[in-house]
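Structural overview
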Amino acid sequence: LFVDAAEALRQAAERADAFRSIVFMGSIGGGTGSGVGSALLQHARDIYPACYLLPVVVAPSLRSGRGASPLEAYNSLFSLAYLDHFADGVIYTDNDELQGGTTSRGGFEAMNQRLARDLASVLLPAPFDSSTYLHGHLLPQSPPGVPHLGSLPRALLAPDVGALVSGACPLPRLKFLELRTSLGSPGSAASTTEAVLAALKAAPPRDPRQRKILTLAVHAVVRGCSPAPPPKQSEGHERRRRNHQRQVMGSPEDLESHLVKALRPSHAQPVLDLLPGPGGSTVPHSCALLLNRTLVPEKIHHIIRTAAGKFLRRAYVHWYEQHGVTVADFESAFDAAGEVVRGYAAEG
């Protein structure tokens, strides 16, 4: 399986004009990518050292008795060590998040749909036009005589994974991110602000131990922003564009103020990408927040405690030893995961 995956990755890289980033996806609890995914992540770092590597990982449930395997804590521990060492950023979620904190009748299909929707909100290519904001700045107009990119067929703006990682991970060691998304109301003039506020509401203010969650950085991707209408000869284009932008979505400064007021990031100002939607009044606005906060390290701490409880009794350790994993490998994985928790604790 690893050989096939590595070969598929090589072929994708050779077909690309500019191979700049790789987004991985898998579970870290075992059975759906924790082993092969970790090996492929290391392989990608070795073969494509200049690429941004952004794994999207699903961790086991934090609730006791809901795990499918007694080895989940160990598998997660080893995967976390690889993620910390080789990834540039990690979008981290777990089964509890995907199930909405309750038992869902939708099962895996509903969980997969929710994860796909969340990832599309931040990674799906967007239509490109001159009113598109990226990373807090308005993209420049096309030079005279050059066709406007927004008028070209199928003109799409691919997500810049490097910019996403840079905006949400101001320090290389602090790379574990939450992804919170929401949809606004279709056709509403205030739907962009509505989507931002709903995404902020979806971010819990306290961790599982009821401690206040601290925010280090945030990168917001807001979609559905209507482009400005073509200017008339008698009016300045910039003034018309800004007035239109405020009417349909509010100013970037207003949206940024909502992020600062709600999250109070300590390490960097929020980065705000404003992207147009596919068009039409029936398309809702969306907001995706990549949050670098102390919530994920608290969940990692829970995995460490669970794994340590088993390891002290040497429970199931022989299953790994028969495949060449040593006690030193376990200790190294504990140290790597512990460094993640200690790194965030030092900043908090």
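The structure this text deals with has already been given above.
In this text, all values refer to a predicted model and were calculated from it rather than measured experimentally.

About the cut-offs
Residues numbered from 1 in each chain as written. Predicted model: local features only at pLDDT ≥ 70, side-chain atom pairs only at ≥ 80, totals over all residues. Heavy atoms only, no water. Helix = DSSP H or I, 4+ residues; strand = E, 2+ residues; numbered from the N terminus. Expected span 1.5 Å × (residues − 1). Buried < 20%, exposed > 50% of the residue type's maximum accessible area, 1.4 Å probe, protein only. Arc of directions from axis to C-beta. Contact = heavy atoms within 4.5 Å. Phe/Tyr/Trp six-rings, centres within 6.5 Å; stacked < 30°, edge-to-face > 60°. Lys NZ or Arg CZ within 6 Å of the ring centre and 35° of its normal. Salt bridge = Lys/Arg side-chain N within 4 Å of Asp/Glu carboxyl O.

**As for helix α1 (residues 2-15)**
- End to end, α1 covers 20 Å across 14 residues, agreeing with the expected 20 Å (1.5 Å per residue, within 8%).
- For α1, the set of buried residues is Ala6, Leu9 and Ala13. The arc that holds the buried residues of α1, viewed along the axis, is 60 degrees, so those residues lie on one side. Every exposed residue of α1 that faces more than 90 degrees away from the buried side is listed here: Val3, Asp4, Glu14 and Arg15.

**Some thoughts on the side chain of Asn75**
- Inspection of the secondary structure puts Asn75 in helix α3 (residues 72-86).
- If we ignore the near neighbours within four places in the chain, the residues touching Asn75 are Ile28, Gly29, Gly30, Ser34 and Tyr320.

**With respect to unusual backbone geometry**
- We note that Arg264 has phi near 50 degrees; this positive angle belongs to a residue other than glycine.
- With respect to the helices and strands, the residue Arg264 is situated in the loop between α9 (252-263) and β10 (271-275).
- Note on Arg264: relative accessible area 63%, which makes it exposed.
- In this structure, Tyr316 takes a positive phi of about 65 degrees despite not being glycine.
- Relative to the helices and strands, Tyr316 is located in the loop between α10 (295-312) and α11 (317-321).

**Examining the packing of aromatic side chains**
- This model, assessed by the stated rule, comprises ten aromatic pairs.
- Between Phe78 and Tyr320, the ring centres sit 5.9 Å apart and the planes meet at 40 degrees, which makes this aromatic pair tilted. Of this pair, Phe78 sits in helix α3 while Tyr320 sits in helix α11, and the two are 242 residues apart along the sequence. For the pair formed by Phe78 and Tyr320, the shared burial category is buried.
- With 5.6 Å between their ring centres and 50 degrees between their planes, Phe311 and Phe334 make a pair best called tilted. Pair noted here: Phe311 is in helix α10 and Phe334 is in helix α12 (residues 327-347), with a separation of 23 residues, a long-range link. The burial state of Phe311 is the same as that of Phe334; both residues are buried.
- Ring pairing ties together the aromatic residues Tyr74, Phe78, Phe311, Tyr320, Phe330 and Phe334, which thus form one cluster.
- The residue whose ring lies beneath Arg314 is Phe311, and the NZ or CZ to ring-centre distance is 4.3 Å.

**Describing the pattern of salt bridges**
- As enumerated under the stated definition, the model contains 13 salt bridges in all.
- Between Glu339 and Arg173 there is a salt bridge whose closest N-O contact spans 3.9 Å. Taken together, the positions of Glu339 in helix α12 and Arg173 in the loop between α6 (161-168) and β8 (176-183) put the pair 166 residues apart, joining distant regions of the chain.
- Exposure remark for Arg173: the relative accessible area of 42% places this residue in the partly exposed category.
- We note a salt bridge from Arg180 to Glu178, for which the minimum N-O separation is 2.9 Å.
- With relative accessibility at 8%, the residue Arg180 sits in the buried group.
- It is possible to trace a salt-bridge network through shared partners that takes in Asp94, Glu97, Glu178, Arg180, Arg293 and Lys299.

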